[in-house]
Amino acid sequence: MKRNRNIYFLGVIPLLFCVWLLITFYSSTLDPIQFYSLFFGFIFSTFNFALGVLAIHFGFEKSDKIFLIIVFGGLVVRLFLMLILIVIALEFLFVRLNSFIFTTFIFYFYYLIVEIFILNQKKNFIIKTKQ
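The rules behind these values
- Residues numbered from 1 in each chain as written.
- Predicted model: local features only at pLDDT ≥ 70, side-chain atom pairs only at ≥ 80, totals over all residues.
- Heavy atoms only, no water.
- Helix = DSSP H or I, 4+ residues; strand = E, 2+ residues; numbered from the N terminus.
- Buried < 20%, exposed > 50% of the residue type's maximum accessible area, 1.4 Å probe, protein only.
- Contact = heavy atoms within 4.5 Å.
- Areas by Shrake-Rupley, 256 points an atom, 1.4 Å probe, with all protein chains shown as cover.
- Axes fitted to C-alpha atoms, helices over the stretch in contact; angles between N-to-C directions.
- Parallel < 35°, antiparallel > 145°, perpendicular 65-115°, else oblique.
- Left-handed = near helix turned anticlockwise from the far one by under 90°.
- Nonpolar A, V, L, I, M, F, W, Y, C, P; charged D, E, K, R; others polar.
- Core = buried A, V, L, I, M, F, W, Y, C linked by side-chain atoms within 4.5 Å.
- Patch = residues over 30% accessible without salt bridge, like charges linked within 9 Å, V, L, I, M, F, W, Y side chains within 5 Å.
- Salt bridge = Lys/Arg side-chain N within 4 Å of Asp/Glu carboxyl O.
- Phe/Tyr/Trp six-rings, centres within 6.5 Å; stacked < 30°, edge-to-face > 60°.
- pLDDT = per-residue confidence, 0-100.

It is worth spelling out the overall build of the protein chain at this point. The secondary structure content of the protein chain amounts to 5 helices and 0 strands. If you list the helices and strands of the protein chain from N to C, you get α-α-α-α-α. Among the 131 residues that make up the protein chain, the fraction classed as buried is 34%. In the protein chain, the share of contacts with a sequence separation of at least 24, taken over all contacts with a separation of at least 6, comes to 74%. Roughly 9,000 Å² of accessible area belongs to the protein chain as shown, and the carbon and sulfur atoms make up 75% of that amount.

Turning next to the packing of helix α3 (residues 32-59) against helix α4 (residues 64-92). The interhelical angle for the contact between α3 and α4, taken along N-to-C directions, is 165 degrees, at an axis separation of 10 Å. One way to sum up the angle between α3 and α4 is to call them roughly antiparallel. In this structure, the crossing between α3 and α4 has a hand that is right-handed. Between α3 and α4, the residues in contact are F44, S45, F47, N48, L51, G52, A55, I56, F58 and G59 and F67, I70, V71, R78, L81, M82, L85 and A89, respectively. In the contact of α3 with α4, the residues fall into 13 nonpolar, 4 polar and 1 charged.

Counting 14 residues, the largest nonpolar core has F17, L21, F49, F107, Y110, Y111 and V114 as its most contacted members. Beyond its immediate stretch of four places on either side in the chain, F17 contacts L38, F42, T103 and F107. Counting residues in each nonpolar core, the second largest holds 8 residues, with F44, M82, L85 and F100 among its members.

Right, let's talk about a nonpolar patch on the surface for a bit. Together, V76, F80, L83 and V87 make up an exposed nonpolar region whose accessible area comes to about 370 Å². By the secondary structure assignment, V76 is in helix α4. For V76, a relative accessible area of 46% translates into the label partly exposed.

Okay, the packing of aromatic side chains next. Within this structure, the stated rule accounts for 19 aromatic pairs. Each ring, one from F42 and one from F107, has its centre 4.9 Å from the other, and the planes form 75 degrees; the classification is edge-to-face. You can see F42 sitting in helix α3 and its partner F107 sitting in helix α5 (residues 97-130), a full 65 residues away along the chain. Accessibility assignment for this pair places F42 and F107 in one class, buried. Aromatic rings pair up to connect F25, Y26, F35, Y36, F39, F40, F44 and F100 into one cluster.

If you walk through the whole model with that rule in mind, you get 2 salt bridges. In this structure, R78 and E115 form a salt bridge, with 2.9 Å as the shortest nitrogen-oxygen distance. Here the residue R78 occupies a position in helix α4, and E115 occupies one in helix α5, the gap between them amounting to 37 residues. Using a relative accessible area of 6% as the deciding quantity, one classes R78 as buried.

What follows covers the confidence of the model for the protein chain. Scored by pLDDT, the protein chain has a mean of 86; 88% of the residues are at 70 or more. Averaged pLDDT values over the elements of the protein chain bottom out at 65 in helix α1 (residues 2-10) and peak at 92 in helix α2 (residues 12-26).

Here's what the structure looks like:
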């Protein structure tokens, strides 16, 4: 039960960011370009995180060698995917450079910390069940 509570706690920051973003947009505090810059940065990082969690869940029950290939290979693929998404967004979407890059990388690093936390929780859960 404690494990699920920690995962829910880690989901509070993205949820609060979304609520803040919507409130400021609908109260006309943010202009549309600023809103889309923050929104796309958040969405791209969240998509990258979802792919990372899928790789972790897919590779966790495999052997150690296969797990490392899936997770680190997925990390390389996700890094290039993020690069492509960022270049496309900066080229074709009307986003403010500073807001978009700042939001993308803040959530990118936040989600990397969450992925490490998930891996640690899974490892501890497996160790406790084997004893």
